[in-house]
Amino acid sequence: MRVAIIGAGVVGLATAHALLDRGHEVVLIEPGAKQGRPTDGNAGWIAHTDVMPLASPKAWRNLPRWLMDPLGPLTIRPGYLPHLAPWLARFLMASSPSRIKASIGAIRSINAESLPAWKSLLSSLDLNGHLRENGILSVWRHQGEFNRSQDIVERQRGFGIEAKALRPEELAELEPALRNVEAAVLYPDACHVSDPAVLAADLLRLALERGAVLVAAHGLRLEPREEGIHVRTDGAEAEVISNRVIVAAGAWSRSLAQQLGDRIPLDTERGYNATYPKGTFGLNRPIMFEGEGFVATPLDTGDRVGGAVEFAGLEAPPNHSRTDAMVQRLTGFLPHLQTETPAKRWMGFRPSMPDSLPVIGPAGKDRRILYAFGHGHYGLTQAAVTAQMVAGMLEGRSGPVDGKPFAVQRF
Ligand SMILES: Cc1cc2nc3c(=O)[nH]c(=O)nc-3n(C[C@H](O)[C@H](O)[C@H](O)COP(=O)(O)OP(=O)(O)OC[C@H]3O[C@@H](n4cnc5c(N)ncnc54)[C@H](O)[C@@H]3O)c2cc1C
């Protein structure tokens, strides 16, 4: 089949390879890495050990504290509130105990297959060198907060995920630079990548070498016709005609789905980061600072602190005082950190669904068009398994994960 993929972020690129593996003809429609696409600036975690949706008791517990602080981990810009209302209503609905349980089950089902899918993709392309298997640490400033998070850790263990509570001397041995931490859990099987932007560049280069064609344009209009799907673009090639279309335009996917009659509550959680020269943090592995809303990753290309959630849409300019506030909070854990060292600051758009589940599957009215977007905080983690699911759906066979919880019909 000739398949057009709208969006060559990490999800679109992984999907391109899954389709090329199966002998399909691939056309990537991509204007050229939109500014703020999270594929490039994410924290680089393959966080397959995570199981909780955003709408979790943990988030609700922290919410009042976070919202009180204008530069805290979660902010809604007041002017954006009316736009966000439908998303927030869905988020509230997703917070009931039964819905949280369903989301946890679905997240686990997809995350459990995420690392095997990445390993298979990377080794087939000879890109294994991008994977760093040093584990990931979660740390808590206060023992009391750790105690309140025990249910999450126990739930992870219940899924067979190794979560090793560390004694202070064990933590000091693993991460001697860390201070002011009262509790820590090591996830030895979690991993990260060398640098997400470098990985994406390699995936694109190899897809083109394998025969994928790049149409440098926005996919603007989708017109399903009997002979095929017509994608109108703003590029030199004004129309791309194919047998199948995959919509993988991240946070920019909503208007494309809307043309097909699917009203999907996709919004963006804007995230911020600062990347310092390699070695600045003195950390040996990625660290989640629990309850603080940020993580730190020693990437091959620099040390990155990132996180925060800001609801302000796709157009508002970044507010880097949020990045500065995050760096300031990090110095509480890494007192040696010289914040005047020049850092590269960045803001990007997570494609976020209120139930923390991506949309993967056919459009409501035309099964020749498939969606693969809305991966929120886990798009890097879930890209390779999403690609396998999409390839299975496209060919009408079952993939590695039951697609039902991710179908557009859930709305
Ligand atoms: C601060 C931060 C940290 C994160 N850390 C992690 C992490 O550690 N691990 C993890 O798993 N996830 C992480 N994420 C989330 C992850 O980065 C995203 O979920 C993921 O990048 C989404 O990938 P995507 O390909 O769906 O979308 P994008 O990366 O947004 O790519 C979409 C592509 O579509 C293109 N496009 C847009 N509109 C059109 C159009 N009309 N036509 C054609 N092309 C179009 C864009 O140019 C872009 O290339 C993080 C996100 C942020 C913001």
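Residues numbered from 1 in each chain as written. Predicted model: local features only at pLDDT ≥ 70, side-chain atom pairs only at ≥ 80, totals over all residues.

Chemist: Teacher, can you tell me more about the site of the ligand here?
Modeler: Contacts to the ligand come from 42 residues, most closely from Gly7, Gly9, Gly250, Gly271 and Gly379. Secondary-structure elements contributing two or more residues to the shell around the ligand are helix H1 (10–21), helix H2 (38–41), strand E15 (267–276), strand E18 (302–311), strand E19 (344–352) and helix H13 (379–394). When grouped by side-chain class, the residues that make up the shell around the ligand number 19 nonpolar, 19 polar and 4 charged. For the shell around the ligand, the domains that each give at least three residues are domain 1 (2–40 + 198–265 + 356–410) and domain 2 (57–97 + 129–191 + 268–352). (Near = placed C-beta within 6 Å. Helix = DSSP H or I, 4+ residues; strand = E, 2+ residues; numbered from the N terminus. Nonpolar A, V, L, I, M, F, W, Y, C, P; charged D, E, K, R; others polar. Domains from an automatic or database assignment.)

Chemist: Where do I start with the domain arrangement of the protein in this structure?
Modeler: A common way to state how big an interface is: give the accessible area lost once the parts meet. According to the domain assignment, the protein contains domain 1 (2–40 + 198–265 + 356–410) and domain 2 (57–97 + 129–191 + 268–352). On the side of domain 2, 14 residues touch domain 1, which itself brings 15 residues to the contact. When the residues that make up the side of domain 1 that touches domain 2 are grouped by side-chain class, the tally is 6 nonpolar, 8 polar and 1 charged. (Contact = placed C-beta atoms within 7 Å.)

Chemist: When you look at the pairing of strand E13 (residues 239–242) in this model, what are you seeing that I'm missing?
Modeler: Moving residue by residue along a regular strand, the side chains alternate between the two faces of the sheet. Residue alternation in E13 divides its side chains into a buried set, Val240 and Ser242, and an unburied set, Glu239 and Ile241. By the bridge criterion, 4 bridges tie strand E12 (residues 228–233) to E13 in an arrangement that is antiparallel. Across the sheet, the residue bridging to Ile229 is Ser242, located in E13. Two successive antiparallel strands, E12 and E13, enclose a turn made up of 5 residues. (Buried ≥ 20, exposed ≤ 12 C-beta atoms within 10 Å, placed from the backbone. Pairing = 2+ DSSP bridges.)

Chemist: I keep staring at the sheet that holds E13 and nothing clicks. Help me out?
Modeler: Strands belonging to one sheet form pairs held by backbone hydrogen bonds; the direction of such a pair is parallel or antiparallel. Read across the open sheet, the 3 strands follow the order E11-E12-E13; overall the sheet is antiparallel. Edge strands, defined here as strands with exactly one partner in the open sheet, are strand E11 (219–225) and E13. Each strand axis lies, on average, 20° off the axis of its neighbour in the sheet, ignoring direction. Alignment of E11 against E12, held across 6 bridges, turns out to be antiparallel. Residue pairing across strands places Arg221 opposite Arg232, the latter belonging to E12. (Axes fitted to C-alpha atoms, helices over the stretch in contact; angles between N-to-C directions.)

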